[in-house]
Amino acid sequence: MKAPTIDFSRKCSLPGSLVTLRPVTMADVSALHAALRDTELAVLTGSVHDRTEARHKEWSMAELEDIYRRWAVAEDRIVWAIVDHDSGEVVGESVLNDLDLGNRSCGFRIWISGARNKGLGTEATRLTMRHAFADQGLNRVELEVYDFNPRARHVYEKVGFVHEGVKRQALRYEGGWIDAHVMSILACEWADH
Ligand SMILES: CC(C)(COP(=O)(O)OP(=O)(O)OC[C@H]1O[C@@H](n2cnc3c(N)ncnc32)[C@H](O)[C@@H]1OP(=O)(O)O)[C@@H](O)C(=O)NCCC(=O)NCCS
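Residues numbered from 1 in each chain as written. Predicted model: local features only at pLDDT ≥ 70, side-chain atom pairs only at ≥ 80, totals over all residues. Heavy atoms only, no water.

Student: Honestly, the pattern of salt bridges in this entry has me stumped. Any pointers?
Tutor: Side chains bearing opposite charge may pair, as long as their charged atoms lie close to each other. Applying the stated criterion across every chain yields a total of 13 salt bridges. Linking aspartate 38 and arginine 116 is a salt bridge whose minimum nitrogen-to-oxygen distance equals 3.1 Å. Here aspartate 38 is found in the loop between α1 (29–35) and α2 (39–44), whereas its partner arginine 116 is found in the loop between β5 (105–112) and α5 (120–135), with 78 residues between them in sequence. The partner of arginine 151 in a salt bridge is glutamate 40, with the nearest N and O atoms 3.2 Å apart. Taken together, the residues arginine 151 in helix α6 (residues 150–159) and glutamate 40 in helix α2 connect sequence positions 111 residues apart. Take arginine 151: its relative accessible area is 30%, and that puts it in the partly exposed class. Bridged by salt links that share partners, the residues Asp38, Glu40, Arg116 and Arg151 form one connected network. (Salt bridge = Lys/Arg side-chain N within 4 Å of Asp/Glu carboxyl O. Helix = DSSP H or I, 4+ residues; strand = E, 2+ residues; numbered from the N terminus. Buried < 20%, exposed > 50% of the residue type's maximum accessible area, 1.4 Å probe, protein only.)

Laid out in structure tokens, this is it:
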């Protein structure tokens, strides 16, 4: 069967049972701005070098508007707002990025604020991988996860990501060093279940 044409300017909603992934628009920026005020999120995504910085780090609305305006129409990434069906609120984002057309591969990242450990991240990851492999015809999706984030690593393994290697001392945190794990999933490994 011929693989679908990869086209990241084709941005569509991905409905699930717990969440819907909706292509991000400027209307989501204010909810994302509020959701990003989350110390644990800043730490686990490696956005800061200690908890004090995490408590004080805040994106301005203008910075986020600028970023999401570009991302909403980007041709090398798709950014979805994760909408929690329970609350109807935007609780995070799921992203396919760094598209490498020639090698039919890209990166993946995800975050959820406030509504963690309710199964939303697992479903959002599965919906994103289904889009990557079934709708876009990608061959490989890769990610990095810090060593101090076993929950994220567990979710990725559950969905079928395989550990590839370690980037040693990739993050400086609280005066020490944290390794980053590289994981990937291939089209031939992806099982939609
Ligand atoms: C990682 C993230 C997207 C996962 O989404 P989520 O909605 O919280 O995850 P789910 O509820 O779907 O699943 C959590 C799983 O981890 C398990 N878990 C929870 N804490 C854990 C821990 N400390 N160690 C190992 N597993 C853990 C849960 O038991 C559950 O597994 P199960 O379904 O097999 O029981 C979300 O927690 C998040 O955004 N975290 C902060 C930002 C982040 O870490 N982003 C990823 C950066 S690589």
